[in-house]
Amino acid sequence: LYQQSGGWCWDRASCDKRPEWYTGNSRWESTKAPGGIFDSALFAGATQVYLPYCSSDAWMSEMGFHANFSKWFRGRAIRDAAVDELVAAGLLGSAHRLVFAGVSAGGRGAMATIDSLGERLASLGMPPPFGVLDGVAYQDVPPLN
């Protein structure tokens, strides 16, 4: 389960600057072949799910509609819905190990929510997820020149 990257917004000004494709789903492709780690033999035969990013909340929020920003922040709910779909389709069950991955905002959201996902999977009788996190460290320091 791979969460797409794309930064995030935190106030009205930053949300207003977000590209349209990160604030809605009207431009999504029906399938995606992201390449990279997904092409490795390690995941041959695995069900691979790519979650495109539209919530602008680094996949962490369950806040819903925020009137001050005119945005929906439901990244965690989107991830949970994807897990529900996989379980309903029989693609995720007690015999499966979920690899939860992402880069940048997707990785940051995976890092922040992997424990709650693990609790959710445990309630389904599944082992804890394995995290593959890339580019998740954000330091609040001035850039080096």
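This section reports on the structure supplied with the text. Keep in mind that what you see is a predicted model, and the values were worked out from it rather than measured.

Conventions and cut-offs
- Residues take numbers from 1 onward in each chain, read along the sequence in its written order.
- Side-chain atom pairs in this predicted model are given and counted only at pLDDT of 80 or more, local residue features only at pLDDT of at least 70, and totals for whole chains, interfaces and linings cover all residues.
- Heavy atoms throughout the structure, all of them, feed into the side-chain values; hydrogens and water do not.
- Where helices and strands are cited, they refer to DSSP runs of H or I of at least four residues and of E of at least two residues respectively, numbered from the N terminus.
- In this scheme, a residue with accessible area under 20% of its type's maximum is buried, one over 50% is exposed, and one in between is partly exposed, where area comes from a 1.4 Å probe on protein chains only.
- The contact definition used throughout considers only heavy atoms, calling two residues in contact when any of these lie within 4.5 Å.
- Surface accessibility in these figures is a Shrake-Rupley result with a 1.4 Å probe; residues are shielded only by whichever protein chains are displayed.
- Two strands are said to pair when DSSP picks up at least two bridges between them.
- In these notes, a set of buried Ala, Val, Leu, Ile, Met, Phe, Trp, Tyr and Cys residues joined through side-chain atoms within 4.5 Å is what counts as a nonpolar core.
- By definition here, a helix of n residues has an expected span of 1.5 Å times n minus one.
- Polar contact is defined as a pair of N or O atoms within 3.5 Å, subject to the rule that within protein one atom must be able to donate a hydrogen and the other to accept it, and that residues adjacent in sequence are counted only when both atoms are side-chain atoms.

## Points about the overall build of the protein
Summing up its helical and strand segments, the protein has 3 helices and 6 strands in all. Listing each helix as α and each strand as β along the protein from the N terminus yields β-α-β-β-β-α-β-α-β. For the protein, the proportion of its 145 residues judged to be buried stands at 38%. For the protein, long-range pairs separated by at least 24 residues make up 67% of all intrachain contacts whose partners lie at least 6 apart in sequence. Accessible area of the protein: about 8,600 Å², with a carbon and sulfur share of 54%.

## Points about the sheet that holds strand S6 (residues 130–134)
Strand order in this open sheet of 4 strands is S2-S1-S5-S6, and the pairing throughout is parallel. Edge positions in the sheet fall to strand S2 (50–51) and S6, since each has one partner strand and no second.

## A few points about the nonpolar core
Membership of the largest hydrophobic core comes to 18 residues, with the highest contact counts inside it found for Leu1, Leu92 and Leu121. When contributions to this core are tallied by element, the ones reaching two or more residues are helix H2 (75–88) and helix H3 (105–123). The leading source of residues in this core is H3, at 5 residues.

## Re H2
Compared with the 20 Å implied by 1.5 Å per residue over 14 residues, the 20 Å span of H2 between its first and last C-alpha is a close match. Phi for glycine 90, located one or two positions after H2, is positive at around 75°.

## Some details on unusual backbone geometry
Positive phi, normally seen in glycine, also occurs at serine 56, with a value near 55°. By the element assignment, serine 56 lies in the loop between S2 and strand S3 (64–66). Take serine 56: its relative accessible area is 1%, and that puts it in the buried class. Unusually for a residue other than glycine, serine 104 sits at a positive phi of about 55°. Relative to the assigned elements, serine 104 resides in the loop between strand S5 (99–103) and H3.

## Considerations on the side chain of glutamine 4
Within the secondary structure, glutamine 4 is located in the loop between strand S1 (2–3) and helix H1 (12–16). Here glutamine 4 falls in the buried class, since its relative accessible area comes to 19%. Only 2.7 Å separates the side chain of glutamine 4 from the backbone nitrogen of tyrosine 53, close enough to count as a polar contact.

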